[in-house]
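Report on the structure
Below are the chains, spelled out letter by letter.
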Amino acid sequence: RGLMAVATSASAGGFMLRRLILAVIGLPSFLGWLNVAGIEAGLYGREFGVALLVAANMVVFMIVIWRNAQLLHVMDVDRQKAQSALLSSYDELESRIQERTADLTQANEALKAEIAVRERIEAELRRSREELADFFENATVGLHWVGPTGTILNANRAELEMLGYSRDEYVGHNISEFHADPEAAEDILQ
């Protein structure tokens, strides 16, 4: 189970196992057959054949090992290049993240400053409205606000007391209802 997992894997170990298994099984068998054929043909003696077989196995396995080492070296160089490119990409991404974080922090600080300014302006506006409302309501002279259609939008206490109306009887009605000359009120509105 472990051998099959390694043999079928895409790892360097699986690659090496697939390349060497054929050399380990096939080459000694082939060299042994050549040795026996040479001895039977009378090309050399049994002792020389064994020495030749050992030397041939050594040379062939040195070539196989050298070639596989070369391939592993190329794979390792490619892996190192890929790792270097990945680290470079990671550093670039990290740099971009830091830049964007700095930009967002700066934008956030600007928004906080703008919010603080707006809150201050809103507080001043609220205070001004309260002062105006207080002035309007507590003025000793009669005051009223009239909308563009002639509807009375608001009236202060002095106006209501002077005319003798309650707020509900006066506010929300048209100004011409209370004016001595309704046509003059229409002229004023025009």
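It is worth spelling out the overall build of the protein chain at this point. Counting its secondary structure elements, the protein chain contains 6 helices and 2 strands. Starting at the N terminus, the α and β elements of the protein chain follow one another as α-α-α-β-β-α-α-α. Taken over C-alpha atoms, the radius of gyration comes to 51 Å for the protein chain, far larger than the 16 Å a tight globule of 190 residues would show. Dimensions along the principal axes, computed over C-alpha positions, put the protein chain at roughly 150 × 35 × 30 Å. Counting all 190 residues of the protein chain, 15% fall into the buried class. Pairs at least 24 residues apart make up 28% of the contacts formed inside the protein chain by residues separated by at least 6 positions. For the protein chain, the exposed area adds up to about 14,600 Å²; of that, 63% sits on carbon and sulfur atoms. Each charge class in the protein chain was averaged separately, 17 positive and 27 negative side chains, and the resulting centres sit 24 Å apart.

Another aspect to go through is the nonpolar core. In terms of nonpolar packing, the biggest core is built from 6 residues, these being Ile152, Ala155, Leu160, Tyr170, Ile175 and Ala185. Apart from the residues lying within four places of it in its own chain, the contact partners of isoleucine 175 are His144, Val146, Gly150, Ile152, Tyr170, Ala185 and Leu189.

Turning our eyes to something else, we now look at the packing of aromatic side chains. If you walk through the whole model with that rule in mind, you get 6 aromatic pairs. Both rings, one in tyrosine 165 and one in phenylalanine 178, keep their centres 4.9 Å apart while their planes meet at 75°; by these two values the pair is edge-to-face. Taken as a pair, tyrosine 165 in the loop between helix H4 (157-163) and helix H5 (167-170) and phenylalanine 178 in the loop between H5 and helix H6 (182-189) lie far apart in primary sequence, 13 residues in all. Judged by its relative accessible area of 34%, tyrosine 165 is partly exposed. Given a relative accessible area of 23%, phenylalanine 178 falls into the partly exposed group.

Among the secondary structure elements, arginine 157 is positioned in helix H4. We classify arginine 157 as partly exposed; its relative accessible area is 44%. Between the alpha carbons of arginine 157 and threonine 140 there is a distance of 8.5 Å; along the sequence they are 17 residues apart. Setting aside its immediate chain neighbours within four residues, arginine 157 contacts Glu137 and Asn138.

The rules behind each value
Residues numbered from 1 in each chain as written. Predicted model: local features only at pLDDT ≥ 70, side-chain atom pairs only at ≥ 80, totals over all residues. Heavy atoms only, no water. Helix = DSSP H or I, 4+ residues; strand = E, 2+ residues; numbered from the N terminus. Rg over C-alpha atoms; globule rule 2.2 N^0.38 Å. Buried < 20%, exposed > 50% of the residue type's maximum accessible area, 1.4 Å probe, protein only. Contact = heavy atoms within 4.5 Å. Areas by Shrake-Rupley, 256 points an atom, 1.4 Å probe, with all protein chains shown as cover. Lys, Arg positive; Asp, Glu negative; His and termini not counted. Charge placed at Lys NZ, Arg CZ, Asp CG, Glu CD. Core = buried A, V, L, I, M, F, W, Y, C linked by side-chain atoms within 4.5 Å. Phe/Tyr/Trp six-rings, centres within 6.5 Å; stacked < 30°, edge-to-face > 60°.

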